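Fold and contact review
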Amino acid sequence: MGRTALRCTCGQRIGEREVLRAGYYPRPFGPSYVLVRYRCSRCRRRGEQFLRQEEWDQGILSDATLELDLPSQQSFATQGPITMREQAAFHGQLDAQGLSELIAEFDHQAEE
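This write-up is about the structure you can find in this document. (Residues numbered from 1 in each chain as written. Predicted model: local features only at pLDDT ≥ 70, side-chain atom pairs only at ≥ 80, totals over all residues. Heavy atoms only, no water.)

Digging into the overall build of the chain
In terms of helices and strands, the chain carries three helices and three strands. For the chain, the α and β elements follow one another from N to C terminus as β-β-β-α-α-α. Relative to its length of 112 residues, the chain is extended, with a C-alpha radius of gyration of 21 Å against a globular reference of 13 Å. Oriented by its inertia axes, the alpha-carbon framework of the chain measures out at about 60 × 30 × 30 Å. Restricting the contact set of the chain to residue pairs at least 6 apart, pairs at least 24 apart contribute 37%. Accessible surface, the chain: about 9000 Å² in total, of which carbon and sulfur atoms supply 52%. (Helix = DSSP H or I, 4+ residues; strand = E, 2+ residues; numbered from the N terminus. Rg over C-alpha atoms; globule rule 2.2 N^0.38 Å. Contact = heavy atoms within 4.5 Å. Areas by Shrake-Rupley, 256 points an atom, 1.4 Å probe, with all protein chains shown as cover.)

Now the structure itself:
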């Protein structure tokens, strides 16, 4: 199984826009490699990584797609970011109810 993402040394995920060059390096014996040169959008450093050809997939450079329909996207946009108070309430509820009861409650809400 190949990699799921290519990352800079600062931890930033490298996307298609940051890649300067990607080229194959075939070898007569042993595994062939792909050299990916990039410039990180966060730290602005240039870097390069050699990946085994078996690990290489152009899809690791593409961003994840959003799988929500338009009404769900609009609903999330109107809710705004999660506040610290909401996070604390969630953790308190998790401690009080336990994980299995909380999952059952969310499943019930999703069915409605």
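Don't stop here, the text continues.
Observations concerning the layout of surface pockets
The space that makes up the largest pocket amounts to roughly 230 Å³. When residues in the lining of the largest pocket are grouped by element, the largest group, four residues, is from helix H2 (residues 84-97). When the residues that make up the lining of the largest pocket are grouped by side-chain class, the tally is four nonpolar, one polar and one charged. (1 Å grid on protein atoms, 1.4 Å probe; cavity = no way out; pocket = protein on both sides within 12 Å on 5 of 7 lines; lining within 4 Å. Points joined across faces, edges and corners; volume = space filled by probe spheres on them. Nonpolar A, V, L, I, M, F, W, Y, C, P; charged D, E, K, R; others polar.)

Topic: the side chain of Glu18
Note that Glu18 resides in the segment before strand E1 (19-25). Although Glu18 is buried, it forms no salt bridge, and the closest oppositely charged side chain is Arg17 at an N-O distance of 5.1 Å. In contact with Glu18, not counting residues within four places along its chain, are Arg13, Arg37, Tyr38, Arg39, Cys40 and Ser41. (Buried < 20%, exposed > 50% of the residue type's maximum accessible area, 1.4 Å probe, protein only. Lys, Arg positive; Asp, Glu negative; His and termini not counted. Salt bridge = Lys/Arg side-chain N within 4 Å of Asp/Glu carboxyl O.)

Re helix H1 (residues 70-79)
For H1, the buried fraction is low: zero of the 10 residues fall into the buried class. Count one or two residues on from H1 and you reach Gly80, which has phi positive near 80°.

Here we look at the state of the cysteines
On inspection of all chains with the given rule, the structure shows zero disulfides. Take Cys10: it sits in no disulfide, and the sulfur closest to it among the cysteines is that of Cys40, at 3.6 Å. Cys40 supplies the cysteine sulfur nearest to Cys43, a cysteine that is in no disulfide, at a spacing of 3.7 Å. (Disulfide = S-S within 2.5 Å.)

Points about the side chain of Gln49
By the element assignment, Gln49 lies in strand E3 (residues 46-52). With relative accessibility at 17%, the residue Gln49 sits in the buried group.

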